[in-house]
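Working through the structure, step by step
Each chain, written out:
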Amino acid sequence: MAVKIRNPHTHSSTYPDSYYVASANNLHDYPQLTEHLRADVCIVGGGFSGINTALELADRGYQVIVLEAFKVGWGASGRNGGQMIRGITHDAERFKDQIGSDGVKEVSRMGLEAVDIVRERIAKFDIQCDLKLGFADLAHKPRDIADLEADKAWLDSIGYQHETRLISKADIANVVGSDSYSGALIDMGSGHLHPLNLVTAEARAASAAGVQIFEYSAVESMEYGEPCVIRTAKGQVTADKLILCANAYVEGLDSTLEKTVLPCGSYIIATEQLPEDLWQKILPMDLAVCDMRIALNYYRLSADKRLLFGGRCNYNGRDPKDIEASMRPKMEAVFPFLKNTKVDFKWGGMIGIGANRMPQIGRLRPNVYYTQAYCGHGVNTTHLAARVLAEAIHAESHRIDVFEKIKHFKFPGGPLLRSPLLAIGMSWYQLKDMF
Ligand SMILES: Cc1cc2nc3c(=O)[nH]c(=O)nc-3n(C[C@H](O)[C@H](O)[C@H](O)COP(=O)(O)OP(=O)(O)OC[C@H]3O[C@@H](n4cnc5c(N)ncnc54)[C@H](O)[C@@H]3O)c2cc1C
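This structure is a prediction, so every number in the text was calculated from the model and none was measured. (Residues numbered from 1 in each chain as written. Predicted model: local features only at pLDDT ≥ 70, side-chain atom pairs only at ≥ 80, totals over all residues.)

**Describing helix 4 (residues 96-124)**
Helix length check: helix 4, at 29 residues, gives a terminal C-alpha distance of 36 Å against a target of 42 Å (1.5 Å per residue), a shortfall beyond 12%. At D102, helix 4 is deflected by roughly 75°, the largest bend along its length. Within the span of helix 4, buried status applies to I99, V107, M110, G111, A114, V115 and V118. Looking at the buried residues of helix 4, the elements they touch are strand 3 (83-84), strand 6 (183-192), helix 9 (378-393) and helix 10 (399-404). Where helix 4 terminates, the next one or two residues include D126, which has phi positive at roughly 50°. (Helix = DSSP H or I, 4+ residues; strand = E, 2+ residues; numbered from the N terminus. Expected span 1.5 Å × (residues − 1). Bend = angle between axes of the 7 residues up to and from the residue. Buried ≥ 20, exposed ≤ 12 C-beta atoms within 10 Å, placed from the backbone. Contact = placed C-beta atoms within 7 Å.)

Structure representation (structure tokens):
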């Protein structure tokens, strides 16, 4: 078993050449595992999920080791759109028959808590990650507007503490300088941030709390037992508990988990720094925004006022040959006046998709835990999952039970069949979007 390097842009063994790496303020090298060590808990994966679970467990007095195949934040956590959006799934009511009304309420409540945890973390460790509050969903069709109205009514009904506002087509230029949209819902409780600076600072905090982090320490084999034995090329960890946090990069690590998550390539271009009149026209309120299509575009301004424009354009398991050529037409369709604007950075990563779009958090065995499949909504959900896992291990709460009651579809076949399946599924939804 080994970490597979398949796609040149998304799977090289160093950080991608992204805007985030170019503007990182906290990169740090952790050692490679070369010894046999003992721990209460071993965590595989050094992204938001793994690092935050380690942090939560260290706070509760556990001795924790994190094994990362490459660098902290190498995966989706250090590459994403940086959009921190409330909620952990779409329409929790869909799961009522599996988790009951109380479960639905609990999932909805956790979706709000998830954002609070990120904000608390940033405040507690004084993390410099360009946090900016404010997000908007952008509607294309009348049906989208009805969905946004229902969302707003629901937020009002639960006493959501942050300002929310519906924007009509007549006022859309106050939110986004494009005539592609027919309305928006602003949520000042969500927002955007520099994800690599967040995850690397969280790793520093975990390390200061006693967590041992090892980089370039890919797990090559695991024995599930009491204790578990986890082996890398040059070392080994024996641990009472094991937590698998590899998300879209899980392939080859555990054969059960890889069946319920499909890796989907998502790509981002970052323009050159924009003059004030231009960025004020594009996003005058400096909100993060997402459109409401299945194959959605998401974009925002960076702290130094570049447009970071992202979208999902690849479902077949292979990176586009030229990310800029693939993403630029999407950006120019929304903002035709950016035709002559230079793109300084382009990169991609893998999003972990589950069929029902509910994060998968649970136990494979009494002492082997996992979390994955955040469906492009992981900046906040990872932080919530970390807390739920730590509470379960520390016997503080039973919130993990809600997630364990939910059934997850196993995509048939190996990765070679799963990727084409997703490609077919997404093409169907893209077709529906067009009409
Ligand atoms: C391009 C892109 C844009 C996105 N935009 C957003 C957004 O704007 N908002 C949002 O909320 N979410 C977004 N997401 C999703 C979000 O980034 C993820 O859900 C989240 O970062 C998942 O964190 P994680 O720690 O679970 O996984 P990852 O950050 O992917 O970390 C998993 C880690 O596991 C390691 N690993 C795998 N196998 C092994 C092994 N055998 N041994 C050791 N280590 C191993 C990998 O090296 C990797 O570093 C985006 C994702 C991508 C790719």
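**Some details on the packing of helix 3 (residues 48-59) against helix 6 (residues 195-208)**
At a minimum axis separation of 9 Å, helix 3 and helix 6 run at an interaxial angle of 30°. Of the possible angle classes, the one that applies to helix 3 and helix 6 is roughly parallel. Where helix 3 crosses over helix 6, the two elements pack in a sense that is left-handed. Residues F48, I51, N52, A54, L55 and A58 of helix 3 form the contact with helix 6, whose participating residues are V199, E202, A203, A205 and A206. Its residues placed into classes, the contact of helix 3 with helix 6 shows nine nonpolar, one polar and one charged. (Axes fitted to C-alpha atoms, helices over the stretch in contact; angles between N-to-C directions. Parallel < 35°, antiparallel > 145°, perpendicular 65-115°, else oblique. Left-handed = near helix turned anticlockwise from the far one by under 90°. Nonpolar A, V, L, I, M, F, W, Y, C, P; charged D, E, K, R; others polar.)

**Side note on the packing of helix 4 against helix 9**
For the pair helix 4 and helix 9, interaxial distance at closest approach is 8 Å and the crossing angle is 95°. When the axis of helix 4 is compared with that of helix 9, the two are roughly perpendicular. Contacts from M110, E113, A114, V115, I117, V118 and R121 of helix 4 reach helix 9 at V379, N380, T381, H383, L384 and R387.

Shape descriptors only; they carry no functional weight alone.
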